[in-house]
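Residues per chain, in single letters:
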Amino acid sequence: IGCCEYDFPHPKSLASKRALEEERRLFYVAATRTKSSLYITYPQVKHTFKSGIIITRPSMFIYELPEDTYEEIMVEEGF
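Residues numbered from 1 in each chain as written. Predicted model: local features only at pLDDT ≥ 70, side-chain atom pairs only at ≥ 80, totals over all residues. Heavy atoms only, no water.

Q: How should the overall build of the protein chain be read in this particular structure?
A: Of the regular secondary structure elements, the protein chain holds 1 helix and 2 strands. Helices (α) and strands (β) of the protein chain occur, in sequence order from the N terminus, as α-β-β. When the backbone C-alpha atoms are referred to their principal axes, the protein chain occupies close to 35 × 30 × 20 Å. Restricting to contacts in the protein chain with at least 6 residues of sequence separation, those with at least 24 account for 56%. As displayed, the protein chain has an accessible area near 6,600 Å², and 58% of this comes from carbon and sulfur atoms. In the protein chain, which carries 10 positive and 12 negative side-chain charges, the distance between the mean positions of the two groups comes to 12 Å. (Helix = DSSP H or I, 4+ residues; strand = E, 2+ residues; numbered from the N terminus. Contact = heavy atoms within 4.5 Å. Areas by Shrake-Rupley, 256 points an atom, 1.4 Å probe, with all protein chains shown as cover. Lys, Arg positive; Asp, Glu negative; His and termini not counted. Charge placed at Lys NZ, Arg CZ, Asp CG, Glu CD.)

Q: Just to check I follow, could you spell out the pattern of salt bridges for this structure?
A: Side chains bearing opposite charge may pair, as long as their charged atoms lie close to each other. All told, the structure shown has 4 salt bridges when counted by the stated rule. Between arginine 24 and glutamate 64 there is a salt bridge whose closest N-O contact spans 2.7 Å. Remark: glutamate 64 occurs in the segment after strand S2 (52-55) and arginine 24 occurs in helix H1 (residues 17-32); sequence separation between them is 40 residues. You can call arginine 24 partly exposed: its relative accessible area is 21%. For glutamate 64, a relative accessible area of 42% translates into the label partly exposed. Here the salt bridges share partners, and the residues they tie into one network are Glu21, Arg24 and Glu64. (Salt bridge = Lys/Arg side-chain N within 4 Å of Asp/Glu carboxyl O. Buried < 20%, exposed > 50% of the residue type's maximum accessible area, 1.4 Å probe, protein only.)

Q: Help me out: how do you make sense of unusual backbone geometry in this one?
A: The phi angle of most residues is negative, glycine excepted, and most peptide bonds adopt the trans form. The omega torsion across phenylalanine 8 and proline 9 is 10°, close enough to zero to call that bond cis. Counting through the fold element by element, proline 9 comes out in the segment before H1. The backbone of tyrosine 6 shows a phi angle near 70°, a positive value even though the residue is not glycine. Following the sequence through the fold, tyrosine 6 ends up in the segment before H1.

Q: Explanation requested: the pairing of S2 in the structure shown.
A: On any regular strand, side chains alternate: one points to one face of the sheet, the next to the other face. Relative to S2, strand S1 (residues 45-48) runs antiparallel, the two being bridged by 4 bridges. Considered in S2, the bridge of valine 45 is made with isoleucine 55. Linkage of S1 to S2, two consecutive antiparallel strands, is achieved through a turn of 3 residues. (Pairing = 2+ DSSP bridges.)

As structure tokens, then:
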């Protein structure tokens, strides 16, 4: 839940290659420890105190997974 850019990886980790690699390792461990199915989700829009409502993008780590290991499903919901 919340696997979108500027949430995961955390923005502070983008300033350091070592910190970014640690975030990538955490994602990899979480993704490879699943027993059967893993659902990775992120909101299409979110509300932030600083910027209000913003459109989000999936985490860069999702697209580092081999394409044959996941299925992308878009869910349209009004808010």
